[in-house]
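An overview of the molecular structure
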Amino acid sequence: MAQVRVTVDGVNYADDVEPRTLLVHYLREQVGKTGTLVGCDTSNCGACTVHLNGQSVKSCSVLAVQADGAEVTTIEGIARDGQLHPVQEAFNEKHALQCGYCTPGMIMQAIDLLGDNPDPDEHEVREGIEGNLCRCTGYQNIVRAVQSAAQKMKPGAHAQTDAPVSVAGGGN
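Residues numbered from 1 in each chain as written. Predicted model: local features only at pLDDT ≥ 70, side-chain atom pairs only at ≥ 80, totals over all residues. Heavy atoms only, no water.

**Considerations on the sheet that holds strand E5 (residues 71–73)**
In spatial order, the strands read E2-E1-E5-E3-E4; together these five strands make up an open sheet with mixed pairing. Both outer strands of the open sheet, strand E2 (11–17) and strand E4 (55–58), are each paired with one neighbouring strand and no more. The mean inter-strand angle of the sheet, taken between neighbouring strand axes irrespective of direction, is 40°. The sheet contact formed by strand E1 (residues 2–8) and E2 spans seven bridges and is antiparallel. In the sheet register, Ala2 faces E2, and the bridge partner there is Val17. Strands E1, E2, strand E3 (49–52) and E5 of the sheet are contacted by helix H1 (residues 23–31), whose axis makes an angle of about 105° with E2. Contacts between helix H3 (residues 103–116) and the sheet are confined to E3, E4 and E5, with E3 contributing the most and set at about 40° to the helix. (Pairing = 2+ DSSP bridges. Helix = DSSP H or I, 4+ residues; strand = E, 2+ residues; numbered from the N terminus. Axes fitted to C-alpha atoms, helices over the stretch in contact; angles between N-to-C directions. Contact = heavy atoms within 4.5 Å.)

**Considering the pattern of salt bridges**
The final tally for this structure, using the stated rule, is five salt bridges. Where Lys154 meets Asp119, a salt bridge forms, and the shortest distance between an N and an O atom there is 3.8 Å. Linking Lys154 in the segment after helix H5 (140–153) with Asp119 in the loop between H3 and helix H4 (122–128), this pair joins segments that are 35 residues apart in sequence. A salt bridge links Glu122 to Arg126; its shortest N-O distance comes to 3.0 Å. Taken together, the positions of Glu122 and Arg126, both in helix H4 and four residues apart, correspond to about one turn of that helix. The class for Glu122 is partly exposed, based on a relative accessible area of 43%. (Salt bridge = Lys/Arg side-chain N within 4 Å of Asp/Glu carboxyl O. Buried < 20%, exposed > 50% of the residue type's maximum accessible area, 1.4 Å probe, protein only.)

**Things to note about the nonpolar core**
Grouped together as the largest cluster of nonpolar side chains are 23 residues, with contacts concentrated most on Val87, Phe91, Met106, Ile107, Ile142 and Val146. Considering each element in turn, this core owes the most residues, seven residues, to H3. Those residues within four positions of Met106 in sequence are excluded, and the remaining contacts are Phe91, Ile129, Asn132, Leu133, Cys134, Tyr139 and Ile142. Val8, Val17, Leu27 and Val72 belong to the second-largest nonpolar core, a separate cluster that totals 15 residues. (Core = buried A, V, L, I, M, F, W, Y, C linked by side-chain atoms within 4.5 Å.)

Below you can see the structure in the form of structure tokens.
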């Protein structure tokens, strides 16, 4: 066994893990972050995408021991003060999901993309999410959602919704 110390969604964890434990399995099974999904275990689909020290990674391709000392943000950790992240709001508003299996990883990748490119055109969005697969949507609404979120996230922009979108159960 090896010990791993990580901060996940702002909470510190110290756990013993098998050295070969993948980060995705550690997050789901030991930390309880089940929004991070296991899709393929081969890093092809991106359903397990999380942020590791601020950069998106496919957590099925990272060992938990490699994340020792790191900060991990999961889909559960991006909402703040009971309010959805602008990318989550945009995915909802633009109907950028069908079955929803790819959605957590797609949102995490989109946030990273918008951090690097705050105003991507359609081609740049498609290129930025190309490592995350969706078998249901055809990507049109996903692209629209990412571009809508980009507009919402611009400095001085205000969300054009009737009421704030709350996260069920509140929390952060």
